[in-house]
Protein chains: 2
Amino acid sequence: MKRRNTQAQTDILNVLKFTDRALSHEQLQAELEAKVDRATIYRVLNRFCEDGLVHKVMDEDGKQHFAYCAGCDKPNNKHQHNHFHFKCRKCGTVECLQHKIHIPLPEGYVITDFNGMIAGYCKRCAEERDV
Amino acid sequence: MKRRNTQAQTDILNVLKFTDRALSHEQLQAELEAKVDRATIYRVLNRFCEDGLVHKVMDEDGKQHFAYCAGCDKPNNKHQHNHFHFKCRKCGTVECLQHKIHIPLPEGYVITDFNGMIAGYCKRCAEERDV
DNA sequence: TTGTTATTGCGACTTAGTTGCAATAATAAG
DNA sequence: CTTATTATTGCAACTAAGTCGCAATAACAA
Ligand SMILES: [Mn+2]
Ligand SMILES: [Mn+2]
Ligand SMILES: [Zn+2]
Ligand SMILES: [Zn+2]
C-alpha cells in the first residue's frame with residue numbers, strides 16, 4: 001500500500017521530530033496547530049510505527065505514547081527499542097532514556113518487543129518537591 | 001481502614017499464590033471456582049497492591065496483570081519490583097523473570113515505580129513455531 | 001484533466017477499568 | 001448470644017482510550 005503525503009502526517013511527524021519526548025495522543029493534539037481528528041491521529045501514528053519512523057510506549061496507566069525514532073540503528077520496523085522510558089508523575093512528560101540496555105532472556109525464549117517504563121519525578125519536579 | 005477476611009479475598013489470593021504467573025482480571029476470574037464480580041476483583045486486587053501482597057504490571061496492550069509478591073525483599077508497598085516480565089504473544093501468559101535488574105537513572109531523577117515488559121514467545125510456544 | 005484509491009472526519013462501537021449506591025456480612029462491643 | 005458499626009460486595013451506570021465502518025476528500029499517476 002503506497003503512502004501519500006498529507007498535511008496531517010507532516011504536521012504530526014514534525015511535532016514528534018522536534019521534541020525529545022514521547023507524546024500521548026492528547027499531548028500531540030495540543031501541539032498541533034490545525035485540528036486533526038482523533039481517529040486520524042491514531043491512524044497516522046500507527047502507520048508511522050509500521051514504517052519504523054516512530055515507536056510506541058505504554059505508560060503505567062495503560063496510555064500509549066509515541067516517540068520519534070532518533071538513534072534507532074536498524075531501518076524500518078525491525079529495530080529494537082532497548083532503552084527505558086521515564087515518566088514524571090508530576091509534569092507528565094515521558095522521555096526516552098538514551099542508555100541502551102541489555103535484556104536478559106531465559107533459554108529458549110524469543111523476544112519480539114520491549115517496553116520499559118520508569119515512573120517517578122524528573123529532575124526539575126524532584127527539586128521543586130524538595131523545597 | 002481495617003481489613004476484613006472474606007471468601008473472595010482468600011480465593012483470589014490463593015489463585016495468585018499458587019501460580020508463577022501474573023494474571024489479568026479475566027485470567028483470574030477463570031481460575032476462581034465461585035463467581036466474583038468484576039468490580040470486586042479489581043477492588044480486591046488494588047487493595048492487595050496497596051498492602052504490598054501483590055504487584056501490578058501493565059502489558060503492551062495496556063492490560064493490567066497481577067502477580068503475587070514472592071521474592072519481594074522489603075515489606076509493605078515499599079518494595080521495588082526491579083525485575084522484568086515476559087508476555088508470550090501466543091499463549092498469553094505473563095511471568096515474572098527472576099533476574100533482578102539495575103535501573104539506570106539520570107542525575108537528579110527519582111524513581112517511584114518500574115514496569116518492564118518483554119513480549120515474544122515463551123520456550124514452549126517458540127519451539128512449536130519452529131516446527 | 002481524470003480515475004484510482006489512500007487518507008480523512010465523523011459517529012458508533014469496544015474493552016478495560018472505575019464509581020455510586022444499596023445490600024450483605026465480618027468483626028467488635030455489650 | 002445479640003446488636004451495632006462499617007468494610008466489602010454486587011449491580012448498573014459510567015469513563016476513557018482506542019478502533020472501525022463508511023462516505024467524503026484529496027494525493028498522485030496516467
Ligand atoms: Mn523511546
Ligand atoms: Mn513480577
Ligand atoms: Zn516532571
Ligand atoms: Zn507461550
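No experiment lies behind these values; they were computed from the predicted model shown. (Residues numbered from 1 in each chain as written. Chains lettered and ligands numbered in written order. Predicted model: local features only at pLDDT ≥ 70, side-chain atom pairs only at ≥ 80, totals over all residues. Heavy atoms only, no water.)

Asks: Is there a simple way to think about the coordination of the manganese ion (ligand 1) in this case?
Replies: Expected angles at a metal are 109.5 degrees for tetrahedral coordination by four donors and either 90 or 180 degrees for octahedral coordination by six donors. Residues and elements named next belong to chain A. Surrounding the manganese ion (ligand 1) are the protein donor atoms His-55 (NE2), His-83 (NE2), His-85 (NE2) and Cys-96 (SG), which sit 2.0 to 2.3 Å from the metal. Of note, the donors binding the manganese ion (ligand 1) are all from one chain and are spaced H-x27-H-x1-H-x10-C. Linking His-55 in strand β2 (residues 54-58) with His-83 in strand β4 (residues 83-88), this pair joins segments that are 28 residues apart in sequence. This pair shows no difference in class: His-55 is buried, exactly as His-83 is. (Donors = N, O, S within 2.8 Å, 3.2 Å for Na, K, Ca; no water. Helix = DSSP H or I, 4+ residues; strand = E, 2+ residues; numbered from the N terminus. Buried < 20%, exposed > 50% of the residue type's maximum accessible area, 1.4 Å probe, protein only.)

Asks: Hey, could you run me through the protein's contact with DNA strand C in this one?
Replies: Taken together, 24 residues sit near DNA strand C, with Thr-6 of chain A together with Asn-5, Arg-38, Tyr-42 and Gln-64 of chain B positioned nearest. Sugar plus phosphate, as a fraction of atoms of DNA strand C within 4 Å of the protein: 60%. Between Asn-46 of chain B and DNA strand C, the recorded distance is 3.5 Å, taken from a side-chain N or O atom to a phosphate oxygen. Among the secondary structure elements, those contributing two or more residues to the surface near DNA strand C are α1 (7-17) and α3 (38-51) of chain A together with α3 (38-51) of chain B. In terms of residue count, α3 of chain A provides more of the surface near DNA strand C than any other element does, six residues in total. (Near = heavy atom within 4 Å. Polar contact = N/O pair within 3.5 Å; in protein donor to acceptor, adjacent residues only side chain to side chain.)

Asks: Would you explain the relation of the copies chain B and chain A in this entry?
Replies: For the pair of chain copies, the relating operation is a rotation around an axis with a shift along it. Superposing chain B onto chain A takes a rotation of 180° combined with a translation of 0.0 Å along the rotation axis, leaving an RMSD of 0.1 Å. Those values place the two copies in the arrangement expected of a two-fold rotation axis. Mapped onto chain A, 100% of the interface residues of chain B are again interface residues, and the two copies thus contact each other with one and the same surface. (Least-squares fit on C-alpha atoms with pLDDT ≥ 70 in both. Contact = heavy atoms within 4.5 Å.)

Asks: Could you clarify how one ought to interpret the sheet that holds strand β1 (residues 21-24) of chain A in this entry?
Replies: Within a sheet, neighbouring strands are paired by backbone hydrogen bonds and run either parallel or antiparallel to one another. Reading across the sheet, the 12 strands line up as β2(A)-β3(A)-β1(A)-β5(A)-β4(A)-β6(A)-β6(B)-β4(B)-β5(B)-β1(B)-β3(B)-β2(B) and stay open at both edges, with mixed pairing between neighbours. At either margin of the open sheet sits one strand with a lone partner, and together these are β2 of chain A together with β2 (54-58) of chain B. Across the sheet, the mean angle from the axis of one strand to that of its neighbour is 30°, orientation sign disregarded. Relative to strand β6 (residues 110-121) of chain B, strand β6 (residues 110-121) of chain A is paired through 11 bridges, and the arrangement is antiparallel. For Gly-116 of chain A, the partnering residue across the bridge sits in β6 of chain B and is Gly-116 of chain B. Across the sheet, α3 of chain B is in contact with β2 and β3 (64-68) of chain B; its angle to β2 of chain B comes to roughly 110°. (Pairing = 2+ DSSP bridges. Axes fitted to C-alpha atoms, helices over the stretch in contact; angles between N-to-C directions.)

Asks: Looking at this structure, how should I read the protein's contact with DNA strand D?
Replies: Within the structure, DNA strand D sits among 24 residues, and Asn-5, Arg-38, Tyr-42 and Gln-64 of chain A together with Thr-6 of chain B are positioned closest to it. When the atoms of DNA strand D within 4 Å of the protein are grouped by moiety, sugar and phosphate amount to 59% of the total. Arg-43 of chain A places a side-chain nitrogen or oxygen 3.3 Å from a base oxygen of DNA strand D. A distance of 2.7 Å separates a phosphate oxygen of DNA strand D from a polar side-chain atom of Thr-6 of chain B. Counting residues per element, the ones that place at least two in the surface near DNA strand D are α3 of chain A together with α1 (7-17) and α3 of chain B. With six residues, the top contributor of residues to the surface near DNA strand D is α3 of chain B.

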